[in-house]
Amino acid sequence: LILFIYMLFLTLLLLFLALFPGAFNCCMKISDEIPKRILQRVERFEIQKADGLCHLEAVILYIEGRKFCVSPRIRKVKKWMKKTKHKIPRKNPHVRKQKKNKIIKKEEKKQ
């Protein structure tokens, strides 16, 4: 009986993870302040909307494999996002590299 309950729990957990993959990636707390030196080291960022499973609006900053959740209402963060939106990838850092490679290949074919 205990084995059956364990297997049922494990099955339900796996089903939940399959149906809601972002459930454990949400920011649960956000900071209302962020030092400028941290913003200068950001490798990429994501915007979390307050819909679905995530109940807070947040900007998720990734620095050296670590994740920082900050309020999107911080004036410094808004200004930083406008200034760097073309320099820092939002989600997939490899997308821009692929596009650049395609452009280079097209230029090589023309020559």
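Throughout this document, residue positions are counted from 1 along each chain, in the order its sequence is written. Since the coordinates come from a predicted model, pLDDT governs what is reported: local features require at least 70, and pairs of side-chain atoms require 80 or more to be given and counted, while whole-chain, interface and lining totals use all residues. Excluded from the side-chain calculation are hydrogens and water; included are all heavy atoms of the structure.

Focus: the overall build of the protein chain
Thinking step 1. Under the DSSP-based scheme used, a helix requires at least four consecutive residues in state H or I and a strand at least two consecutive residues in state E, with every element numbered from the N terminus. Looking only at helices and strands, one finds four helices and three strands in the protein chain.
Thinking step 2. Going from N to C terminus, the protein chain has its helices and strands arranged as α-α-β-β-β-α-α.
Thinking step 3. Per-residue accessibility, obtained with a 1.4 Å probe over protein chains only, is compared with the maximum for each type, and a residue is labelled buried under 20%, exposed over 50%, and partly exposed between these values. Taking all 111 residues of the protein chain together, 23% fall into the buried category.

Quick notes on the state of the cysteines
Thinking step 1. Our working definition of a disulfide is a cysteine sulfur pair at a distance within 2.5 Å. According to the stated counting rule, one finds two disulfides in the structure shown.
Thinking step 2. Residue pairing for C26: its cysteine sulfur links by disulfide to C54, the two sulfurs lying 1.9 Å apart. Given an S-S torsion of about -75°, the disulfide between C26 and C54 has left-handed geometry. Of this pair, C26 sits in the loop between helix 1 (2-19) and helix 2 (36-39) while C54 sits in the loop between strand 1 (44-48) and strand 2 (58-63), placing them 28 residues apart in sequence. Of the two residues examined, C26 and C54, each falls in the buried class.
Thinking step 3. With its bonded cysteines labelled in order along the sequence, the protein chain shows the pairing 1-3, 2-4.

Some points on the pattern of salt bridges
Thinking step 1. We count a salt bridge whenever a side-chain nitrogen from Lys or Arg sits within 4 Å of a carboxyl oxygen from Asp or Glu. For the structure shown, the criterion picks out three salt bridges.
Thinking step 2. When the shortest N-O distance is used, the salt bridge between E64 and R41 registers 3.4 Å. Placement of E64 in the loop between strand 2 and strand 3 (66-70) and of R41 in the loop between helix 2 and strand 1 is noted, with a sequence separation of 23 residues between them.
Thinking step 3. With relative accessibility at 55%, the residue E64 sits in the exposed group.
Thinking step 4. Between R44 and E46 there is a salt bridge, with the nearest N and O atoms lying 3.1 Å from each other.

Re the nonpolar core
Among soluble globular proteins, nonpolar side chains are generally buried collectively.
Thinking step 1. Counting 13 residues, the largest nonpolar core has I34, V59, L61, V70, V77 and W80 as the members making the most contacts within it.
Thinking step 2. Counting residues per element, the ones that place at least two in this core are helix 2, strand 2 and helix 3 (75-84).
Thinking step 3. Any two residues whose heavy atoms approach within 4.5 Å are treated as being in contact. Those residues in contact with V59, other than ones at most four positions away along the chain, are F45, E46, F68, C69, V70, P72, V77 and M81.
Thinking step 4. By nonpolar core we mean a set of buried residues, namely Ala, Val, Leu, Ile, Met, Phe, Trp, Tyr and Cys, connected to one another through side-chain atoms within 4.5 Å. The next biggest cluster of nonpolar side chains, apart from the first, holds five residues, and it includes A58, I60, Y62 and C69.

Structural notes on the sheet that holds strand 2
Thinking step 1. An order of 1-2-3 is seen for the three strands of this open sheet, with the pairing classed as antiparallel. Either end of the sheet is taken by a strand with one partner, and the two such strands are strand 1 and strand 3. For this sheet, the mean angle separating the axes of adjacent strands, direction not counted, is 25°.
Thinking step 2. Note: strand 1 against strand 2, five bridges, orientation antiparallel. Bridge pairing in strand 2 places E46 opposite I60. Paired strands, as defined in this entry, are two strands with at least two bridges between them according to DSSP. In this analysis an axis means a line fitted to C-alpha atoms, helices contributing only their contacting stretch, and an angle means the value between N-to-C directions, from 0 to 180 degrees.

Thoughts on the environment of C26
Thinking step 1. By relative accessible area, which is 9% here, C26 ends up buried.
Thinking step 2. Once the C-alpha coordinates of C26 and I60 are considered, the two residues, 34 residues apart in sequence, prove to be 9.2 Å apart.

What to know about a nonpolar patch on the surface
Thinking step 1. On the surface, L3, Y6, M7, F9, L10, L13 and L14 cluster together into a nonpolar patch covering about 710 Å² of accessible area.
Thinking step 2. Take L3: it is sitting in helix 1. Here a patch means residues that are over 30% exposed by relative accessible area and free of salt bridges, tied together within 9 Å if like-charged and within 5 Å if nonpolar (Val, Leu, Ile, Met, Phe, Trp, Tyr). For every accessible area listed, the method is Shrake-Rupley and the probe measures 1.4 Å; residues are considered covered only by the protein chains on display.

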